[in-house]
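The residues making up each chain are set out below.
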Amino acid sequence: MAIEKSLISGSTAMLILKLLSEKDMYGYEMIEALKERSNNVFELKAGTLYPLLHGLEEKGALTVYEKPAGAKVRKYYSITRQGSRILAEKEREWRTYSQAVADVLGMFAVEGGGV
């Protein structure tokens, strides 16, 4: 089932910050982790991820460092204290939003209607 992109785009920064709160990661690793954990619902493209990462870095939510990986050098992203605060706020907002959606959907189910 395809999910409307506007539903995903509003939560992508929160999901990235959540991944990075668990461990430092490089871009492709984040793409694969989101895809795997979401059962293929979140299939980010590099062209979507990297501008988001740069924006989070500009806000002070992330830092970047390079680390050799065989013959390559990878850029790893690490969450900052500011990023942890942003994540906590986004999680609170998400819980409020998702509960409100669930309440509305539950109301439709009780009334016997549907969307």
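Preceding this paragraph is the structure being described.
Here the residue index of a chain counts from 1 through its sequence in written order. Predicted model: local features are reported for residues with pLDDT of at least 70 only, side-chain atom pairs are reported and counted for 80 or more only, and whole-chain, interface and lining totals are derived from all residues. Heavy atoms throughout the structure, all of them, feed into the side-chain values; hydrogens and water do not.

Novice: Teacher, can you tell me more about the nonpolar core here?
Specialist: Here is a general trend for soluble globular proteins: nonpolar side chains tend to be buried in one another's company. To qualify as a nonpolar core, a set must consist of buried Ala, Val, Leu, Ile, Met, Phe, Trp, Tyr and Cys residues joined through side-chain atoms within 4.5 Å. Burial status follows relative accessibility: with a 1.4 Å probe on protein chains alone, a residue under 20% of its type maximum counts as buried, one over 50% as exposed, and anything between as partly exposed. Core analysis: the biggest nonpolar cluster contains 21 residues, and Ile16, Leu17, Leu20 and Met30 have the highest contact counts within it. In this text, helices come from DSSP runs of H or I with a minimum length of four residues, and strands from runs of E with a minimum of two, each type numbered from the N-terminal end. Only α2 (12-22), α3 (27-37), α4 (46-58), β3 (72-79) and α5 (81-111) provide two or more residues apiece to this core. Looking at which element gives the most residues to this core, the answer is α2, with six residues.

Novice: Explain the side chain of Glu29 to me, please; I cannot follow it from the model alone.
Specialist: Note that Glu29 resides in helix α3. In this structure Glu29 comes out as buried when scored by relative accessible area, which is 17%. Residue contacts for Glu29: discarding those within four places in its chain leaves Lys23, Asp24 and Tyr76. Only heavy atoms enter the contact rule, under which two residues are in contact if any of them lie within 4.5 Å.

Novice: Help me understand the packing of aromatic side chains, please; the structure alone is not making it clear to me.
Specialist: Pairs of aromatic rings are described using the distance from one ring centre to the other and the angle between the two planes. Between 30 and 60 degrees the pair is tilted, below 30 it is stacked and above 60 it is edge-to-face, where a pair is any two Phe, Tyr or Trp rings, Trp via its six-membered ring, whose centres lie within 6.5 Å. All told, the structure shown has three aromatic pairs when counted by the stated rule. Ring geometry for Tyr26 and Tyr76: centres 5.4 Å apart, planes at 75°, overall edge-to-face. Of this pair, Tyr26 sits in strand β1 (residues 25-26) while Tyr76 sits in strand β3, and the two are 50 residues apart along the sequence. When the centroid spacing of 5.7 Å and the interplanar angle of 15° are considered together, the rings of Tyr65 and Tyr76 count as stacked. Of this pair, Tyr65 sits in strand β2 (residues 62-69) while Tyr76 sits in strand β3, and the two are eleven residues apart along the sequence.

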